Amino acid sequence: MQQVPNKLTPFFENLNFERDDNTMVINFGPQHPSAHGQLRLVLELDGEQVVKAYPDIGYLHRGIEKMAENMTYNEFLPTTDRLDYIASTSNNYAYALAVEKLLGIEAPRRAQVIRTMLLELNRIISHLFFIATHALDVGAMSVFLYAFREREYAMDLMEDYCGARLTHSAVRIGGVPLDLPKGWIENLAAFCDKVDHEVEHTYEALLSQNRIWRMRLEDVGVISAEDALNWGCTGPMLRGSGVKYDIRKEEPYELYSELDFDIPVSDRCDSYGRYRLYMQEMRESTKILRQLMPMYAKSDSQLMAHAPQYISAPKEQIMTQNYALMQHFVLVTQGMRPPKGEVYVPTESPKGELGFYIKSEGEPYAYRLKCRAPSFFHTGLLQEILVGTYIADVVTIIGTTNIVFGEVDR
Amino acid sequence: MRKYVPKGNVQKKAYYTDRFHVVPRVPRNEVEDAHFASVVSVLKADIKESYMELGQLVIHIDNRSNFDVIKVLKEECGYTQCSEQSAVDYLAQDNEFELFWQMLNVNEAKRVRVVCRLPQGMAIDSIESLFKSANFAEREMFDMFGIKVNNHPFLKRILMPDDWEGHPLLKTYPLHGDEFASWYEVDKIFGKAYRDIIGPENRDPSKIDIEDTKRFSRVGYEVPFGGEYNSDTKEEIEYSDTFLVNYNKPKSKTLDERR
């Protein structure tokens, strides 16, 4: 039945009371603070219970895949920052790795160490952001403040390295642009100690045994292992359902095959299990970072791969050798031309499996680039797991999926 | 003798083409891995072509057998996750789309890409009943390419608005949007009658309209919001290299210390 607004029954944009059955349709977002950006969720409620949920996305659609087809490979790299803007380096890296696979080159050892460090640092940044906003959604204000304090230190480290706090572009195709600044490793070591301490003594101390936190999270948002696989869940969403699959371990890239770390798994399948998982993953990340520090000292100083056909030669060569200068000129003005072929490279971003499918036709532009974003599939999952839950749990479930709309809408 | 090519319109070509440049191809290898070999043998009847490309198995199939192939992959070969699916536009070359499904076997940590060609105007079978992740992925494919999917429970646009015209990832769709896109918001918010008053959407970020007094303020000759732009009201302003030097000097006040 259509709403007929008058003075006695005003028109509510968000509410539609007058349906033939007894359900109410409410519009959650896209400006709701717990909508994590631009999620519009149309919920059909029977009393307080969700009967039907329809995630409506696309409010942040910028056509990044279309842009990729119209940009050279190096030009596109900073655009990947805008996918999962909470942990930009993981997007930069996933894209750079896909192009490197296509070119058949490998980054030098020191670049690999720095990249792995940045990836893990970004994982900590993203997980801190998760715990902060998730706790805030559920109602724990103080955790938000503490977690953002530590996140600030991590962003300072990123800023020291690449000058940016959010849109890092800290990785290049074929390596990294810069070496670590002086004293960075020491700061990182101090930060690792800080994170380990805070995870145990602040976040977990505040939340793990907190009665309200447990009541809000335990047995909320239950996803069975089969459903998780079926809906394309990856990362903590999959491991939170008892499937031990981490791309860093199973299909190792970068230095992960040399590093000693565990993959935390939870078979609780609920939000609380996932929260414990995130906490444990931060500990694993600091463990990885500590192992990387001596590796950095042992590596020699080369930062970019030597592949003059695709990647500009080092600056001293460009300045002294005519041919290197010519190649550099062609690479800058026209961009690299990878061989024909297609590649799909999965990486374990903090949110899950972030993969880039690149189809190259030998042109300086990708013929097709598809970004497989974990949050996109986790948003699709909402239409099933929200059904039957109560409206108060909706916010918890959105929080626990840890979706970022930059990569949902792309 | 070298083949003769007409050199009439040389100016319109890219200014640098290496005529000796042969585009290399990423090597495609024989299937050697035992697991992938068993996948290929299970699907033998449906596979047109199979090879390894950069560590992943790629199988080309007929567009009518996609559901069956993916069902066999799921139920017999242990590919319990469909990571991604989408299309590539080859309409200009072959009047076809190339569709791919990226499958993952969690137990073996193996990946298979199922590829098929779909002529324009044909529909593909949905795999939503096998993998629910296809629900969103197929909607996105429909939205971006206009490929219809049979048996999809809710085939609706996902990223673009419902009343959008055109499919943005087609190669024929302009990067800055088409005619429809430039009028979309005006038509929707104000109605078509306002087209003349408002004008098409400006998609050039560097464009500055000097007569637009609604979005830009001008130092030195400010006009009220939406007021008439008049070039006579302009005052002479002196700039140093970077800073404004004498902005309305008599009226301005210099502070001795920071407040």
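Residues numbered from 1 in each chain as written. Chains lettered and ligands numbered in written order. Predicted model: local features only at pLDDT ≥ 70, side-chain atom pairs only at ≥ 80, totals over all residues.

Engineer: What should I look at first to understand the overall build of chain B in this one?
Structural biologist: Scanning chain B for helices and strands turns up 6 helices and 8 strands. Written out in order from the N terminus, the α and β elements of chain B read β-α-β-β-α-β-α-β-β-β-α-β-α-α. Considering chain B as a whole, with its 259 residues, one finds that 25% of them fall into the buried category. (Helix = DSSP H or I, 4+ residues; strand = E, 2+ residues; numbered from the N terminus. Buried ≥ 20, exposed ≤ 12 C-beta atoms within 10 Å, placed from the backbone.)

Engineer: I keep staring at the overall build of chain A and nothing clicks. Help me out?
Structural biologist: Scanning chain A from N- to C-terminus turns up 16 helices and 7 strands. In terms of C-alpha radius of gyration, chain A reaches 23 Å, essentially the compact-globule figure of 22 Å for 410 residues. Across the 410 residues in chain A, those meeting the buried criterion constitute 50%. Sequence separation of at least 24 residues holds for 68% of the intrachain contacts in chain A that already meet a minimum separation of 6. (Rg over C-alpha atoms; globule rule 2.2 N^0.38 Å. Contact = placed C-beta atoms within 7 Å.)

Engineer: I'm lost on the confidence of the model for chain B in this one. Help?
Structural biologist: Segments scoring low in pLDDT should not have their predicted coordinates read at a detailed level. Per-residue confidence for chain B gives a mean pLDDT of 82; residues scoring 70 or more make up 79%. This complex was scored by the predictor with a pTM of 0.85 and an ipTM of 0.85. (pLDDT = per-residue confidence, 0-100.)

Engineer: Hey, could you run me through the sheet that holds strand β7 (residues 368-372) of chain A in this one?
Structural biologist: Within a sheet, each strand pairs with its neighbour through backbone hydrogen bonds, oriented either parallel or antiparallel. Residue and element names in this part refer to chain A. Pairing within the open sheet is antiparallel, and its 3 strands lie in the order β5-β6-β7. Each edge of the sheet is formed by a strand with only one pairing partner; in this case those strands are β5 (341-349) and β7. In this sheet, adjacent strand axes meet at a mean angle of 10° when their direction is disregarded. As paired strands, β5 and strand β6 (residues 352-360) are joined by 9 bridges and run antiparallel to one another. Across the sheet, the residue bridging to T347 is L354, located in β6. Running at roughly 150° to β5, helix α3 (residues 88-103) makes contact with β5 and β6 of the sheet. (Pairing = 2+ DSSP bridges. Axes fitted to C-alpha atoms, helices over the stretch in contact; angles between N-to-C directions.)

Engineer: Would you mind going over the interface of chain B and chain A with me for this structure?
Structural biologist: Accessible area lost during the coming together of the parts is what is often quoted as the interface size. Facing the 30 residues of chain B at the interface are 37 residues of chain A. Those elements giving two or more residues to the side of chain B that touches chain A turn out to be β4 (81-90) and α4 (134-145) of chain B. Broken down by element, the residue count for the side of chain B that touches chain A peaks at 6 residues, all from β4 of chain B. Classifying every residue of the side of chain B that touches chain A gives 17 nonpolar, 8 polar and 5 charged. (Nonpolar A, V, L, I, M, F, W, Y, C, P; charged D, E, K, R; others polar.)

Engineer: Mind showing me how you'd approach the sheet that holds strand β5 (residues 96-105) of chain B here?
Structural biologist: All names here are of chain B. In space, the 6 strands of this open sheet follow the order β1-β2-β3-β6-β5-β4, with mixed pairing throughout. Among the strands making up the open sheet, the edge pair consists of β1 (28-29) and β4. Across 10 bridges, the pairing between β5 and strand β6 (residues 110-119) is antiparallel. If you follow E98 over to β6, its bridge partner there is R117. This element, α4, spans β4 and β5 of the sheet and lies at about 10° to β4.

Engineer: Sorry if this is basic, but what is going on with the nonpolar core here?
Structural biologist: Nonpolar side chains in soluble globular proteins tend to be buried together. Ranked by internal contacts, the top residues of the largest apolar core, which has 152 residues, are A98, V99, I131, F356 and I358 of chain A together with V114 of chain B. With residues near it in sequence (within four places) discarded, F356 of chain A still touches A94, Y95, A98, V345, L369 and C371 of chain A. (Core = buried A, V, L, I, M, F, W, Y, C linked by C-beta atoms within 7 Å.)

Engineer: Help me understand α3 of chain A in this model?
Structural biologist: An α-helical turn contains 3.6 residues, so any two residues separated by three or four positions project in the same direction. Residue and element names in this part refer to chain A. Between its first and last C-alpha atoms α3 spans 23 Å; for 16 residues at 1.5 Å apiece the expected length is 22 Å, and the two agree. With 16 of 16 residues buried, α3 is to be regarded as a mostly interior element. One or two positions beyond α3, positive phi appears at G104, with a value near 75°. (Expected span 1.5 Å × (residues − 1).)

Engineer: In this structure, what is going on with the environment of V404 of chain A? I would like to understand it.
Structural biologist: All names here are of chain A. Residue position: V404 is located in the loop between α15 (391-401) and α16 (405-409). V404 sits in the buried class, given 25 other C-beta atoms within 10 Å. In this structure the C-alpha to C-alpha distance between V404 and V387, which are 17 residues apart in sequence, comes to 22 Å. When neighbours within four sequence positions are excluded, V404 is seen to be in contact with H36, G37, D84, Y85, I86, K351 and S375.

Engineer: Whenever I open this one, the pairing of β6 of chain B confuses me. Can you help?
Structural biologist: A regular strand places its side chains so that they alternate between the two faces of the sheet. Residues and elements named next belong to chain B. With 7 of 10 residues buried, β6 is to be regarded as a mostly interior element. Direction of pairing for strand β3 (residues 56-61) relative to β6: parallel, over a ladder of 5 bridges. When the bridges of β6 are listed, I59 appears paired with V114. Hairpin connection from β5 to β6: 4 residues lie between these consecutive antiparallel strands, with A109 at a positive phi of about 55°.

Engineer: Honestly, unusual backbone geometry in this entry has me stumped. Any pointers?
Structural biologist: Most peptide bonds take the trans configuration, and most residues that are not glycine carry a negative phi. A positive phi is found at C269 of chain A, a non-glycine position, where the angle reads about 65°. Along the polypeptide, C269 of chain A turns up in the loop between α10 (247-250) and α11 (271-298). Residue N95 of chain B is not a glycine yet carries a positive backbone phi of 55°. By the secondary structure assignment, N95 of chain B is in the loop between α3 (91-94) and β5. Accessibility expressed as a C-beta count within 10 Å gives 10 for N95 of chain B, which makes it exposed.

Engineer: In this structure, what is going on with the pairing of β5 of chain A? I would like to understand it.
Structural biologist: In terms of burial, β5 of chain A is a largely internal element, 9 of the 9 residues being buried. Side-chain alternation along β5 of chain A places G341, V343, V345, T347 and S349 of chain A on one buried face and E342, Y344, P346 and E348 of chain A on a second face that is also buried.

Engineer: Mind showing me how you'd approach the packing of helix α14 (residues 374-385) of chain A against α15 of chain A here?
Structural biologist: Residues and elements named next belong to chain A. Orientation of α14 relative to α15, taken along the N-to-C sense of each, is 150°, at an axis distance of 10 Å. Taken together, the axes of α14 and α15 are roughly antiparallel relative to one another. Seen along the crossing, α14 lies across α15 with a hand that is right-handed. Of α15, the residues touching α14 (which contributes H378, L381, L382 and I385) are I397, I398 and T401. (Parallel < 35°, antiparallel > 145°, perpendicular 65-115°, else oblique. Left-handed = near helix turned anticlockwise from the far one by under 90°.)

Engineer: Which parts of the structure should I look at to understand the packing of α3 of chain A against helix α4 (residues 109-138) of chain A?
Structural biologist: In helix packing, the relevant descriptors are the interaxial angle and the interaxial distance, both defined with respect to the helix axes. All names here are of chain A. Following both chains from N to C, one finds α3 and α4 inclined at 140°, their axes separated by 8 Å at the closest point. Taken together, α3 and α4 sit at an angle that is classed as oblique. Of the two possible hands of crossing, α3 and α4 adopt the one that is left-handed. Residues T89, S90 and Y93 of α3 lie in contact with α4, whose contacting residues are R115, L118, L119 and N122. The residue makeup of the contact of α3 with α4, split by class, is 3 nonpolar, 3 polar and 1 charged.

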